[in-house]
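Close look at the chain arrangement
In case you want the letters, here they are:
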Amino acid sequence: MRFLKLPRSLRQLSTHVLAIALGILLTVSTLQVLPSQAEPAPTVTAGDTSNLIAQRQSPATAAIGSTSFVTAAVNRVGTAVVRIDTERTITRRTDPFMEDPFFRRFFGDGFPQQMPSEQLRGLGSGFIIDKSGLVMTNAHVVDKADKVTVRLKDGRTFEGKVQGIDEVTDLAVVKINAGNDLPVAPLGSSTNVQVGDWAIAVGNPLGFDNTVTLGIVSTLKRSSAQVGISDKRLDFIQTDAAINPGNSGGPLLNGQGEVIGINTAIRPDAMGIGFAIPIDKAKAIAAQLQRDGKVAHPYLGVQMLTLTPDLAKQNNTDPNSPIQIPEINGVFVMRVVPNSPAASAGIRRGDVILQVDGKAITSAEQLQNVVEDSRLGQVLQVKVQRGNQTQQLSVRTAELQNAT
């Protein structure tokens, strides 16, 4: 045979070529039998389920399921969320020139005798916390309002009576007479809230009724001083769920549809950051507002700043600094309110508060919380450093409203 007569090297080459050809032939025949992994899923016509192929769910689809947990949460609380419209009449001062007798004699009495007035209208949100018609909202929504109208989701409207307002915590309770079978929002616990939990804001932002936004809890215990509301005593829940004007007083829900906070504030210079009052704080305040119509807050009467060694060192190395500050941790007293408990006890500007009742104080927020948790008229033992010396002072708390 001619193949056998070929040189040995050529016979080996021919053998390799034949093996490669057989391999290609087998591969092609296999591809004709097995479908490609990149092949699109078969088209299914209406009513034809014989060719359905099980698809693996994405993690997001598996978590949400066929019905969104947001839908379930909103359905649980939605009918208890209300819209609050307010009206307030303000009287503007007239120009003193128009009240001058000479002016009126010269121009006659054709000018109005009464001072002009103007109607101001406001919009906010709230939610029902009791079947008898108790509605929780923000104090700034209903404060100084002459008329409060509460609109339910089903369209019914009722005149609301403000039962109590606490400006310090920005909370208020409104009562409507609508029978004893109203829907009630389920209240959760803000103690169990964690950063990263779902946050669902419900309310009437910008007048768009029954609006729902979704986000997460961004952080916890964001102090009112950090938010820029120095006249409040609050630690907020921070969320990136969209909160706009009109959302104030509405509920912030968890993934189970329980109220964990009351939407309160937004930063006009920020995008996607909102703040809510923890519901545990609101529960305690609401009980006092229902009972007494107000909440008594103890106070010391100091304007304060958290002091650290680095901050004190920066001040002390400044040649223009009017005062030398101890380079320690504590609360620096920037100002003492005249006729306040602090003034009566002998606390001075420039003092550094180190302890209250033997407990170390390292931040202004901590001192504020200690005072807030005390009783009216309680005597607090305050340790301060004044220059190179320390002193123990007794401060008897008084009611905050008297500080004005």
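Residues numbered from 1 in each chain as written. Predicted model: local features only at pLDDT ≥ 70, side-chain atom pairs only at ≥ 80, totals over all residues. Heavy atoms only, no water.

1. Quick notes on the overall build of the protein chain
Scanning the protein chain for helices and strands turns up 12 helices and 20 strands. Per-residue burial over the protein chain gives 37% buried out of 404 residues. A sequence separation of at least 24 residues applies to 63% of the contacts in the protein chain between residues at least 6 apart. For the protein chain, the exposed surface amounts to about 23900 Å²; the carbon and sulfur share of it is 53%. (Helix = DSSP H or I, 4+ residues; strand = E, 2+ residues; numbered from the N terminus. Buried < 20%, exposed > 50% of the residue type's maximum accessible area, 1.4 Å probe, protein only. Contact = heavy atoms within 4.5 Å. Areas by Shrake-Rupley, 256 points an atom, 1.4 Å probe, with all protein chains shown as cover.)

2. A short note on the pattern of salt bridges
In total, this model carries 10 salt bridges according to the counting rule given. The salt bridge partner of Asp280 is Lys283, with a shortest N-O separation of 3.8 Å. In this pair, Asp280 and Lys283 both sit in helix H9 (residues 279-292), 3 residues apart, roughly one turn of the helix. Residues Glu399 and Lys294 are paired through a salt bridge, measuring 3.9 Å at the closest nitrogen-oxygen approach. With Glu399 in strand S20 (residues 398-399) and Lys294 in the loop between H9 and strand S13 (298-299), this pair connects stretches of sequence that are 105 residues apart. Taking relative accessible area as the criterion, Lys294 reaches 41% and is therefore assigned partly exposed. Bridged by salt links that share partners, the residues Arg83, Asp85 and Asp209 form one connected network. (Salt bridge = Lys/Arg side-chain N within 4 Å of Asp/Glu carboxyl O.)

3. What to know about the sheet that holds strand S9 (residues 235-239)
Across a sheet, strands are paired by hydrogen bonds formed along the backbone, either parallel or antiparallel in direction. With antiparallel pairing, 6 strands are arranged side by side around a closed barrel as S7-S8-S9-S12-S11-S10. On average, each strand axis in the sheet is tilted by 45° relative to the strand beside it, whichever way the strands run. Bridging between S9 and strand S12 (residues 274-278) involves 3 bridges; their strand directions are antiparallel. Bridge pairing links Thr239 to Gly274 in S12. Relative to the sheet, H9 contacts strand S11 (259-266) and S12, its axis offset from that of S12 by approximately 50°. (Pairing = 2+ DSSP bridges. Axes fitted to C-alpha atoms, helices over the stretch in contact; angles between N-to-C directions.)

4. As for the pairing of strand S6 (residues 171-175)
In terms of burial, S6 is a largely internal element, 4 of the 5 residues being buried. Sheet topology note: the strand S3 (residues 134-137)/S6 ladder contains 4 bridges and is antiparallel. Across the sheet, residue Val135 finds its bridge partner in S6, namely Val174. When strand S5 (residues 157-166) meets S6, the two strands line up antiparallel, connected through 5 bridges. Bridging across to S6, Val162 finds its partner in Val174. The loop that links S5 with its antiparallel partner S6 comprises 4 residues; one of these, Asp170, has a positive phi angle of about 55°.

The values are spatial; any link to function lies outside them.
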